[in-house]
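Spelled out, the chains give:
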Amino acid sequence: MTVGSDTQLQGLIDLAKTGDDRAKTLLLDHSCDRLLKLTRKMFRGFPGLKRWETTDDVFQNSLIRLHRSLASMQVESVRHFFNLAGVQIRRELLDLKKHHFGPEGRGANHHTDHQPSDELGGVLANKADEPDDICMWGEFHAYVDRLPEEQKEVVNLLFYEGLTQEEASVILGVSERTIKRRWQEAKLKLHEELSGGSG
Amino acid sequence: MDRVKELLAELLLRWEELYDRGQDTSASELAKDHPELIPQLERRIKALKEIAWLDKPLDDDSAGDEPPKPTPVACTLANRFQLDELIAEGGFAQVFRAYDRELQRTVAVKIPKPSKLGSHEDFLAEARRVARLKHDSIVPVHDVGVENGTCFIVTEYVEDGSLADKLGSGTVPREQALRWVSEISEALEYAHLNGVIHRDIKPANILIDHHGRALLADFGIAHSANKTGSFAPSLGTLRYMAPEQLEGKPSDQRSDIYSLGVVLYEVMTGRIPYSSSEPNVLRKEIILAKLPAWPAGFPGDVRRICQKALSKSPHQRQASVAQFAAELRRVASSRRGGIPWPWIALLVALPTLLTVAVLSSRPPAPPAPVVRSFPENRPPNPAGDFRYEIVRDEVKITGFAGSSTVVKIPDTIEARPVTIIGQEAFKQSKDFTEVIVPNTIRTIEDSAFRDCHWLRTFTIPNGVTTIRDGAFTGCALTEIFLPASVTHFGNAIYACPTLKTIGVAPANRIFTSIDGLLYDKDITAILRCPEGRSAPVGLNSKIHHVGRMAFHHCLNLSSIDLPKGVAFIGQMAFYRCTKLQQIVIPPGVKKLEAQTFVDCPRLERIILNEGLEEIDGGNFWGCSSLQTITIPASVKTIHPTAFENCPATIEYVKPQP
C-alpha cells in the first residue's frame, strides 16, 4: 500500500459506511493479503502441514472468518479499520496455532512432521530470533496482544498491516518520531518476552 | 527515573538512525556524556539487533535490510567493485562511489534496500532492461548483480553533482537549466519509445557531468520498487509525483511528463509548485489544488508548456514527451534572435559533437546511438500510424505510434487483409481509450494490448478465433464479450481490476471451460449476449469444468443451470453469491470441494445427485435459508464441518440393499 492509496482507502471506508458491500469487500482485500503473507510465514517452518492441507486452504478458512468478522463491524476511520483488522488477523493466527497444536490439534503428536521447538537444538539458541515454528509464532502473537495499547496499535500497522512508518504517522495523526519511538518500545518489550523476560 | 528512560529512548533512536545509515555506533560513543547509561544502552542495542527481523518485509527471506556498511574496511562486490564512499542516500537506496578493479576506473554502485524491492528477479530484469537503453543523456548502466542477497547496479560515475545540487547553490542561469531540461526530455523520449517509463523524474536524478551535460539517472528503478506496493516515496520524491501516481491510478509516460513539468517550473522559478512539508497536505495539494499564480517574468511560451505538463488529468498533458520536447524546441527557435540559446547549435550538430564528447569522456562507451523520433523519421507508411509486416499474403500489425484517443485498425493494408494483431503490438503507454477492430482479424497475440491503461472499450468482432495470454492484461476494460467464433481464449484478462462483465455468445460451442477465466472476484456477471444482459447465467452446454472461485462474489447471480456434463466444481466456486436461490449439482460431480457455498444466504434449494461421494468442510456456512439437504446414498465421506453454521435438516437416503 502506498501513501497515495490511502486516499482510495478513505474513499472506500466512506462507501462502506453507506452500506456498500463491494466497497467493504475491497477494503478487506488489503488485510486479507497481509493475512496470507503472515500465514505463509508462520507455516514456512512447518512444511509437513501440507500432509493435511495446503497453506492456502488454511488461509482460506481464516480468510472467511476474517472477512465475516470485519464485514459485520461498522468501520469509522482508517485508524479504526486497521485496529480491528490487526486484532482479527492476530486472532486468526492464534486460532491456527491452537487448531494445529492445541491439545487436540492434528499436528500436536505428529512427530515426523513437527519437532517441538525445544528439540531444535541450536536453532533457537536465542529465543528472540524470528520464530521458526508455529508454536513460537503463537507465543509471539500472544505477546503482542499483551502490549500496551499505543504500542500494539503501532505493531498492528507496521507488522500486521505492513504500512510504512510514514503512513502509520498519517493514520494515527502523530509524528513519525513518535511512531519510531513506540515501535522501538514495542520491539524491546517483545524481545524481553521472547527471551523469557531476561531482557 | 523518567528522565533516564527518556534519555535512553532518545539515544536509542539516535543509534537506530545511524544504524539505518550504515553506522553501527557503540553505546559508549553514543552515551559518552552519560556513562552511567552505557550498560543499559548496550543491552537495548543488542536486543534491537536481535529482533530486527520484525522490520523485514514479510516476503523477504534474505538476511538484514541494510546494504553493506560504508566501513573503512571497504566492501567489494562481485570481487570487482570496491565500495569507497557513501555519496548519496534516499528512501530507496544508497549510492557509493566505488572502484572497478578490473577496468580500473571509478564507478557508482547503487544498492537498493531489500525492503523496497519486490523480488530480486523483478529488480534484475528491470535493471537489465534499463541497461539496454543507450543514450547520451542517460547514465549508462555497466553491470547489475546480486551478492549475498544484496542487489546492486553499477553505473558510470558522474562527478559534477546533480541538478538538485546546482539549484540548491542558486547559481544556474535560466537558459542553462532549460537546456538541461531539454536534454532530459530527449532522453525520456528515447526511453519511452523503448517502452521504459522513469517514474521518478526529479532534479536529484538529473546528473551533470564535467562537460556540463545533463544525464538522467535511476531509470526504471523506482518502478521495480513500486511493484511491491510498499514503496513509500520520500518527501523529496513526492513533490515531483503526478496526481495519478498519488491516487494509485495507473501511470504511464504522461506521469513522467508531469514530473518534468515540475522540474521545468523549478528551474524557471527556483521553487516548486506545491511545497508543503507535510506529506499528507502536499499530497492533497498535488491532487486537488490549483497551480499557484505564475511569478512575474515567467516567459509566456514556457509557461504554456509548463501549464500543460502540470495538468491534473493526464489527458490534458502533452500526449508524449516527444511533444513536450518539440514544444521546448519551438520556444528555442522563436528566441534565436533574442535570448542567447547556445544549445540550439549544439542540438543541430548533435551527432558529431556527441561522438566527440563520448570519445573524450567515456573511453569504453558504445557508439553514440541515433535517436529516432518515430514516426517522424520513418519512410512513408501506407498504414499511417501502424507498423506492420506481411505474412504470406496477410498483414500482421506489429506496432503503433499514433496519439488519437480512438484507434481504428484498418481492414486492409497494401491490398492485403489485416488478420493478426501481433505480440505486444500496442503494449503500454498508449493514449487511446477505444480500439475499433475490423472483422478481418482472426488472432490477437500475446500481450497485444497489455498495459494500455486507458483502454476502456474493445469489441471483439465475430471472426476472431484466438486471443492469447495477456492480450488485455492491465487494461481498463469494464466488459468483454466473446463472440461465437472464439475457440481459444488464453489467460488474456488477468489484472483487469475494472472488468466486471464477461459475455459469452450463446452460439459459442467451443468455449467449454471457465476454469481460471473468472478467477477474479470483481466479475459480477457472466452473460449470454447479446440478449439478456441483465439476466444471469446460462452456461454453454459443453462446459464440464467449473473452476475454483469461478463465481466467487457474483452478486447478481440468482440461479444457474449447470450443464449436465459438469464433472468438477472448484473450491469456493459460489462463495458469497448472495442472491443465489437454487442449484442442482450435476451427477458427474464426485466431490463438493471446501466452502463451495459459503455466505449464500438466499440459497433455498440444493439438489445433490446420486454420484456425489464426498462433501468437504465449510460448505454451507451462512446458508441461512436452507431448510433441508438430502444426502444421496452414494456419499461416502462427509467432513465434520461440512454443515457447520447451516440451519438445514440433513436427510440421508439409505443405500438400497
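Scoring rules and cut-offs
Along every chain, residues carry numbers that run from 1 in the direction the sequence is written. Think of it this way: whatever chain is written first is A, whatever ligand is written first is 1, and the rest follow in order. Local features in a predicted model are, by the rule used here, given only for residues with pLDDT of at least 70; side-chain atom pairs are given and counted only at 80 or more, and totals for whole chains, interfaces and linings are based on all residues. Helix and strand labels come from DSSP, where a helix needs a run of H or I of at least four residues and a strand needs a run of E of at least two; each type is numbered from the N terminus. Counting other C-beta atoms within 10 Å of each residue's C-beta, where C-beta atoms are placed from the backbone, gives the exposure class: buried for 20 or more, exposed for 12 or fewer, partly exposed between. By definition, residue pairs are in contact when their C-beta atoms, positioned from the backbone, come within 7 Å. For a helix, the expected span equals 1.5 Å multiplied by the number of residues minus one. The arc refers to the directions leading from the helix axis to the C-beta atoms. In this description, strands pair whenever DSSP reports at least two bridges between them. Take the buried Ala, Val, Leu, Ile, Met, Phe, Trp, Tyr and Cys residues, join any whose C-beta atoms are within 7 Å, and the set you get is a nonpolar core. A score between 0 and 100, pLDDT records how confident the predictor is in each residue. Throughout, an axis means a line fitted to C-alpha atoms (over the contacting stretch in the case of helices), and angles, computed between N-to-C directions, take values from 0 to 180 degrees. Throughout, the term roughly parallel applies to angles under 35 degrees, roughly antiparallel to angles over 145, roughly perpendicular to angles from 65 to 115, and oblique to all others. Crossing handedness: left-handed means the near helix sits turned counterclockwise from the far one by under a right angle, and right-handed means the same turn made clockwise. Under the scheme applied here, ten amino acids are nonpolar (Ala, Val, Leu, Ile, Met, Phe, Trp, Tyr, Cys and Pro), four are charged (Asp, Glu, Lys and Arg), and all others, including Gly, are polar.

**A few points about the overall build of chain A**
Looking only at helices and strands, chain A features 8 helices and 0 strands. Counted from the first residue to the last, chain A has its helices and strands arranged as α-α-α-α-α-α-α-α. Expressed as a percentage of its 199 residues, the buried residues of chain A come to 45%. When contacts within chain A are restricted to residue pairs at least 6 apart in sequence, long-range pairs at least 24 apart make up 65% of them.

**What to know about the overall build of chain B**
The helix and strand inventory of chain B stands at 15 helices and 31 strands. Split into buried and exposed, the 657 residues of chain B put 39% on the buried side. At a minimum sequence separation of 6, the contacts of chain B that also span at least 24 residues come to 47%.

**With respect to helix H3 (residues 38-50) of chain B**
A rise of 1.5 Å per residue sets the reference length of H3 of chain B, with its 13 residues, at 18 Å; its end C-alpha atoms lie 18 Å apart and thus fit the reference within 8%. Leu41, Arg44, Ile45, Ala47 and Leu48 of chain B are the residues of H3 of chain B that are buried. End-on, the buried residues of H3 of chain B take up no more than an arc of 160 degrees, which puts them together on one face. Check the buried side of H3 of chain B and you find it contacts helix H8 (176-194) of chain A together with helix H1 (2-20) and helix H2 (27-30) of chain B.

**Topic: the sheet that holds strand S28 (residues 614-615) of chain B**
The 3 strands are arranged S26-S28-S30 (chain B) in an open sheet whose pairing can be described as parallel. The strands lining the two open edges of the sheet, one partner per strand, are strand S26 (591-592) and strand S30 (637-638) of chain B.

**Overview of the sheet that holds strand S27 (residues 605-608) of chain B**
Residues and elements named next belong to chain B. Spatially, S23-S25-S27 is the arrangement adopted by the 3 strands of the open sheet, whose pairing is parallel. With partners counted over all chains shown, the strands left at the sheet margins are strand S23 (559-560) and S27, one partner each. Of the strand pairs in this sheet, strand S25 (residues 582-585) and S27 are connected by 4 bridges, and their pairing is parallel. When the bridges of S27 are listed, valine 584 appears paired with isoleucine 607.

**A short note on the pairing of strand S10 (residues 394-400) of chain B**
Residue and element names in this part refer to chain B. Looking at chain direction, strand S9 (residues 386-391) and S10 are connected through 6 bridges and run antiparallel. Each bridged residue has a counterpart across the sheet, and for phenylalanine 386 the counterpart in S10 is phenylalanine 400. Once S9 ends, the chain turns through 2 residues before running back antiparallel as S10, passing arginine 392 with a positive phi of about 50 degrees. Relative to strand S13 (residues 416-421), S10 runs parallel, the two being bridged by 3 bridges. Each residue of the ladder has a partner; that of isoleucine 397, found in S13, is isoleucine 421.

**A look at the nonpolar core**
Within the largest apolar cluster, 71 residues are counted, with the highest numbers of intra-cluster contacts made by Val109, Val181, Ile184, Leu216, Leu260, Leu264 and Ala309 of chain B. Non-local contacts of alanine 309 of chain B, meaning those with residues more than four positions away in its chain, are made with Ile257, Tyr258, Leu260, Gly261, Leu264, Arg317, Gln318 and Phe324 of chain B. Among the nonpolar cores identified, the runner-up in size contains 37 residues, and Leu35, Ala85 and Ala186 of chain A together with Ala27 of chain B belong to it.

**Topic: the confidence of the model for chain A**
Taken over all residues, the pLDDT of chain A has a mean of 65, while the share at 70 or more is 42%. Counting contacts from residues 1-7 of chain A, a segment whose pLDDT is below 50, to residues more than four positions away or on other chains yields 23 contacts.

**Here we look at the packing of H1 of chain B against H3 of chain B**
Residue and element names in this part refer to chain B. Where H1 contacts H3, the axes come no closer than 11 Å and their chain directions differ by 45 degrees. By the angle class used here, H1 and H3 are oblique. Along this stretch, H1 crosses H3, giving a crossing that reads as right-handed. Counting all contacts with H1, which are made through Leu8, Leu11, Leu12, Trp15 and Glu16, the residues of H3 involved are Gln40, Leu41, Arg44, Ile45 and Leu48. Tallied by class, residues from the contact of H1 with H3 come to 7 nonpolar, 1 polar and 2 charged.

**Structural notes on the packing of helix H10 (residues 253-269) of chain B against helix H12 (residues 300-309) of chain B**
Residues and elements named next belong to chain B. Between H10 and H12, the shortest axis-to-axis distance is 8 Å and the interhelical angle comes to 140 degrees. Where H10 crosses over H12, the handedness of that crossing is left-handed. Here Ile257, Tyr258, Leu260, Gly261, Leu264, Tyr265 and Met268 of H10 lie close against H12, whose contacting residues are Val302, Cys306 and Ala309. Among the residues making up the contact of H10 with H12, the classes are represented as 9 nonpolar, 1 polar and no charged.

**Looking at the environment of leucine 124 of chain B**
Residue and element names in this part refer to chain B. By secondary structure assignment, the location of leucine 124 is in helix H4 (residues 120-131). The exposure class assigned to leucine 124 is partly exposed, which follows from the 18 C-beta atoms found within 10 Å. Beyond its immediate chain neighbours, meaning those up to four positions away, leucine 124 contacts Val144, Val146 and Cys151.

**Let's talk about the confidence of the model for chain B**
Interpretation of this model should avoid reading the predicted coordinates in detail wherever pLDDT is low. All names here are of chain B. Residues with a pLDDT of 70 or more make up 73% of chain B, whose mean pLDDT is 74. Considering only residues more than four positions removed or in separate chains, one finds that residues 60-74, a stretch of pLDDT under 50, has 31 contacts. Overall, residues 222-236 carries pLDDT values under 50, and its contacts beyond four positions in sequence, including any with other chains, amount to 42 contacts. Taken over the whole predicted complex, pTM reads 0.39, whereas the ipTM for its chain interfaces reads 0.73.

**What about the environment of serine 28 of chain B?**
Residue and element names in this part refer to chain B. Here serine 28 lies in helix H2. On the basis of neighbour counts, which here come to 12 C-beta atoms within 10 Å, the residue serine 28 falls in the exposed class. Residues serine 28 and leucine 41, 13 residues apart in the sequence, show an inter-C-alpha distance of 8.5 Å.

**Let's talk about the environment of histidine 34 of chain B**
Residue placement: histidine 34 of chain B occurs in the loop between H2 and H3. Through-space distance from the C-alpha of histidine 34 of chain B to that of leucine 7 of chain B is 9.2 Å; in sequence the pair is 27 residues apart.

**Details of helix H6 (residues 149-160) of chain A**
All names here are of chain A. Of all 12 residues in H6, 10 are buried; the element is thus mostly enclosed. Three or more residues of H6 are buried, namely Gln151, Lys152, Glu153, Val154, Val155, Asn156, Leu157, Leu158, Phe159 and Tyr160. Directly after H6, the chain includes glycine 162, whose backbone phi takes a positive value near 70 degrees.

**Section: unusual backbone geometry**
Residues and elements named next belong to chain B. One non-glycine residue with positive phi stands out, namely serine 447, at about 55 degrees. Checked against the element boundaries, serine 447 lands in the loop between strand S15 (443-444) and strand S16 (457-458). Of note in the backbone geometry, aspartate 451 takes a positive phi value of approximately 55 degrees without being a glycine. Looking at the secondary structure, you find aspartate 451 in the loop between S15 and S16. In this structure aspartate 451 comes out as buried when scored by C-beta crowding, with 22 C-beta atoms within 10 Å.

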